[in-house]
Amino acid sequence: MVARRSVALYSEVLLSEKQDREKVLDYVNQVTEVYHIEDEFTPMERAYLDNPKPEQHDCIQFLW
């Protein structure tokens, strides 16, 4: 559940006018470490988080 919410938050920031990918990615990484959820991300979520310039469509899909 925490992993899904982290990906949704990441997507929300990328879709916002004040995009700060590095800051939100740092936050997702911190949450991942604190809650030990490294293995909770699906391969698609991990690829999405690792993509430096995801398509808007992908951001919308992972937001939901």
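Small disclaimer: the values here were computed from a predicted structure and weren't measured. (Residues numbered from 1 in each chain as written. Predicted model: local features only at pLDDT ≥ 70, side-chain atom pairs only at ≥ 80, totals over all residues. Heavy atoms only, no water.)

### As for a negative patch on the surface
- On the surface, Asp 26, Glu 33, Glu 38, Asp 39 and Glu 40 cluster together into a patch of negative charge.
- Structurally, Glu 40 can be placed in the loop between helix 2 (21–35) and helix 3 (43–50). (Patch = residues over 30% accessible without salt bridge, like charges linked within 9 Å, V, L, I, M, F, W, Y side chains within 5 Å. Areas by Shrake-Rupley, 256 points an atom, 1.4 Å probe, with all protein chains shown as cover. Salt bridge = Lys/Arg side-chain N within 4 Å of Asp/Glu carboxyl O. Lys, Arg positive; Asp, Glu negative; His and termini not counted. Charge placed at Lys NZ, Arg CZ, Asp CG, Glu CD. Helix = DSSP H or I, 4+ residues; strand = E, 2+ residues; numbered from the N terminus.)

### Quick word on the pattern of salt bridges
- For the coordinates displayed, the defined rule picks out 3 salt bridges.
- Here Arg 4 and Glu 45 are joined by a salt bridge, their closest N and O atoms 2.6 Å apart. Taken together, the residues span a long stretch of sequence, with Arg 4 in helix 1 (residues 2–15) and Glu 45 in helix 3 at a distance of 41 residues.
- Judged by relative accessible area, which is 6%, Glu 45 ranks as buried.
- Residue Glu 22 is joined to Arg 21 by a salt bridge in which the shortest nitrogen-to-oxygen separation is 3.1 Å.
- Residue Glu 22 is classed as exposed on the basis of its relative accessible area, which comes to 53%. (Buried < 20%, exposed > 50% of the residue type's maximum accessible area, 1.4 Å probe, protein only.)

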